[in-house]
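Breakdown of the fold
Here are the chains, one letter per residue:
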Amino acid sequence: MNEDLREADTEAAGRRSSARVVEEALGFLYPAALRAAAAVGVADHLADGPRTAAELAQATGTDPRNLHRVLRLLATRGLFEEDDRGRFRLTAAGDALRTDAPVSARSAVLMLTDRALWLPSGEMAHCLEKGTSPFGQIFGMPFFDYFAQNEDTAAVFHDGMAAMSDAENEPLADSYGFPATGTVVDVGGGHGGFLLAALRGGPGLRGVLYDRAHVLAGNRIDTSDVAGRCAVEKGDFFTSVPPGDLYLLKRILHDWDDEQCVGILRNCRRAMAPGGRVLVVDAVIPPGNAPHQGKTLDLMMMASLVGRERTEADFAELFGAAGLRVARVIPTPTVLSIVEGVADGDGRP
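The following paragraphs examine the structure supplied in this document.

Reading guide: rules and limits
Residues numbered from 1 in each chain as written. Predicted model: local features only at pLDDT ≥ 70, side-chain atom pairs only at ≥ 80, totals over all residues. Heavy atoms only, no water. Helix = DSSP H or I, 4+ residues; strand = E, 2+ residues; numbered from the N terminus. Buried < 20%, exposed > 50% of the residue type's maximum accessible area, 1.4 Å probe, protein only. Contact = heavy atoms within 4.5 Å. Areas by Shrake-Rupley, 256 points an atom, 1.4 Å probe, with all protein chains shown as cover. Lys, Arg positive; Asp, Glu negative; His and termini not counted. Charge placed at Lys NZ, Arg CZ, Asp CG, Glu CD. Pairing = 2+ DSSP bridges. Axes fitted to C-alpha atoms, helices over the stretch in contact; angles between N-to-C directions. Parallel < 35°, antiparallel > 145°, perpendicular 65-115°, else oblique. Left-handed = near helix turned anticlockwise from the far one by under 90°. Core = buried A, V, L, I, M, F, W, Y, C linked by side-chain atoms within 4.5 Å. Right-handed = clockwise from strand over helix to strand, strands pointing away. Expected span 1.5 Å × (residues − 1). Phe/Tyr/Trp six-rings, centres within 6.5 Å; stacked < 30°, edge-to-face > 60°. Lys NZ or Arg CZ within 6 Å of the ring centre and 35° of its normal.

**A few points about the overall build of the protein**
When you go through the protein residue by residue, the secondary structure sums to 15 helices and 10 strands. The principal-axis extent of the C-alpha atoms belonging to the protein is close to 70 × 60 × 40 Å. Taking all 349 residues of the protein together, 44% fall into the buried category. If you take every contact in the protein between residues at least 6 apart in sequence, the share linking residues at least 24 apart comes to 61%. Accessible surface for the protein amounts to roughly 17,900 Å². Of this, 52% is attributable to carbon and sulfur atoms. Taking the 35 positively charged and 48 negatively charged side chains of the protein as two groups, their mean positions are separated by 2 Å.

This is the structure:
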């Protein structure tokens, strides 16, 4: 009898495990639905109150039955909510899906679910078997080369990164005590949102936004509150960087392999003034089994690019190879941390 009970318990546990694994495998359909809703702009039509799927379909030019099916799934995660009259409303959690939300995530959703990131993720077994990204096999060229030749995809990427940055920049800048004076160089700074936040926090600082010309074309640094304090300079951070006192590398190193990262850091080390510092702003993977967005982002890097998210020990190795050392790691309210580096041999803490 006891043996029969043990076998029954084992079989029940096996069924639960199987159901759990199947549920996990179906998880990809949620971001697919999220992308669909974002792409047709559903949230923009709910700003004034709840509407039925039929009303939303008419406003968005979509099929009402299929739109209802998409919204029904999204409602299970709390971004939308369906009432007993079949009307959907936008929740506080889903408000960032609106294009005109104070901190909109719509562009970030469209970037993170773009085919340039989506398709390679579906071929992740390639990463395990070959040790390389499948991106080139799918698109015929490396990630950034593909973006350079596809303006529409590049625009989605840069707009999405700017949207993610908009939610991060102020808390990141507030987490670091920027000096009263000096030149801050934002290396690969994109549209300049983080540099703008830094300059606003330090009225005596001057800034240099440094990136490729096609990226700088969309910069937002020319605002009245930093007028005359920021220059825009085009270039390649693999070759050189402008002189400065403080270097910002936000979401840059995770794109590249260790050798390339060391090259970027060495260029900063060569160009920085005595007593200068380098701030690497990236996810720092913690030890243990707890969930962390950096662990998820790391697989996106693996599938589409050549870089990775790193641990504190990984950053210490990169800094050391570039003639720098990690002075401290500063946690922030975002998923990112600030890894502060100084010249190796600098006695400051």
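**What about the sheet that holds strand β2 (residues 80–82)?**
Ordered by their spatial adjacency, three strands build an open sheet running β1-β3-β2, and the pairing between neighbours is antiparallel. With one partner strand each, in any of the chains shown, β1 (51–52) and β2 form the two edges of the open sheet. Judged from the two bridges that link them, β1 and strand β3 (residues 87–90) form a sheet pairing that is antiparallel. What sits directly across from Arg-51, in β3, is Phe-88.

**Some thoughts on the packing of helix α13 (residues 258–271) against helix α15 (residues 312–321)**
The N-to-C vectors of α13 and α15 enclose an angle of 55°; their axes lie 8 Å apart at closest approach. Here α13 lies oblique to α15, going by the angle between them. In this structure, α13 crosses over α15, and the sense of that crossing is right-handed. On α15, the residues touching Asp-258, Cys-261, Val-262, Leu-265 and Arg-266 of α13 are Leu-318, Phe-319 and Ala-321.

**Here's the deal with the sheet that holds strand β7 (residues 244–250)**
Two orientations exist for strands paired in a sheet by backbone hydrogen bonds: parallel and antiparallel. Across the sheet, which stays open at both edges, the seven strands sit in the order β6-β5-β4-β7-β8-β10-β9 with mixed pairing between neighbours. A single partner strand is all that each edge strand has here, and the edge strands are β6 (230–234) and β9 (324–331). The mean inter-strand angle of the sheet, taken between neighbouring strand axes irrespective of direction, is 20°. Pairing of strand β8 (residues 272–282) with strand β10 (residues 337–343), which is carried by six bridges, proceeds in the antiparallel orientation. When the bridges of β10 are listed, Val-280 appears paired with Val-339. Lying on the sheet, helix α10 (residues 151–175) is in contact with β7, β8, β9 and β10; it crosses β7 at an angle near 140°. Against the sheet, α15 touches β8, β9 and β10, its axis set at about 150° to β9.

**Here we look at the nonpolar core**
Core analysis: the biggest nonpolar cluster contains 27 residues, and Val-187, Leu-249, Leu-265, Val-278 and Val-280 have the highest contact counts within it. Looking at this core, the elements with two or more residues in it are β4 (182–187), β5 (205–211), β7, α13, β8, α15 and β10. Per-element tally for this core: the top contributor is α13, with five residues. Here Val-278 is in contact with Tyr-247, Leu-249, Leu-265, Cys-268, Met-272, Phe-319, Leu-324, Val-339, Glu-340 and Gly-341, once residues within four sequence places are set aside.

**So, the pairing of β8**
Of all 11 residues in β8, eight are buried; the element is thus mostly enclosed. For the handedness criterion, the β-α-β arrangement of β7, α13 and β8 is classed as right-handed.

**What about helix α14 (residues 293–304)?**
In this model, α14 (12 residues) spans 17 Å end to end at C-alpha, consistent with the 16 Å of a helix rising 1.5 Å per residue. All buried positions along α14 are accounted for by Gly-294, Leu-297, Met-300, Met-301, Ala-303 and Ser-304. For α14, the elements touching its buried residues are α5 (106–112), α6 (115–121), α7 (124–130), α8 (135–139) and α9 (143–149).

**Digging into the packing of aromatic side chains**
Under the criterion given, the structure shown has 15 aromatic pairs. On the numbers, 6.4 Å between centres and 80° between planes, the contact of Phe-237 with Trp-256 is edge-to-face. Of the two residues, Phe-237 is situated in the loop between β6 and β7 and Trp-256 in the loop between β7 and α13; the sequence distance between them amounts to 19 residues. Members of the aromatic cluster, connected to one another through ring pairs, are Phe-135, Phe-139, Phe-143, Phe-144, Tyr-146, Phe-147, Phe-157, Phe-237, Phe-238 and Trp-256. Here the basic side chain of Arg-77 rests over the ring of Tyr-30, its NZ or CZ set 4.0 Å away from the ring centre.

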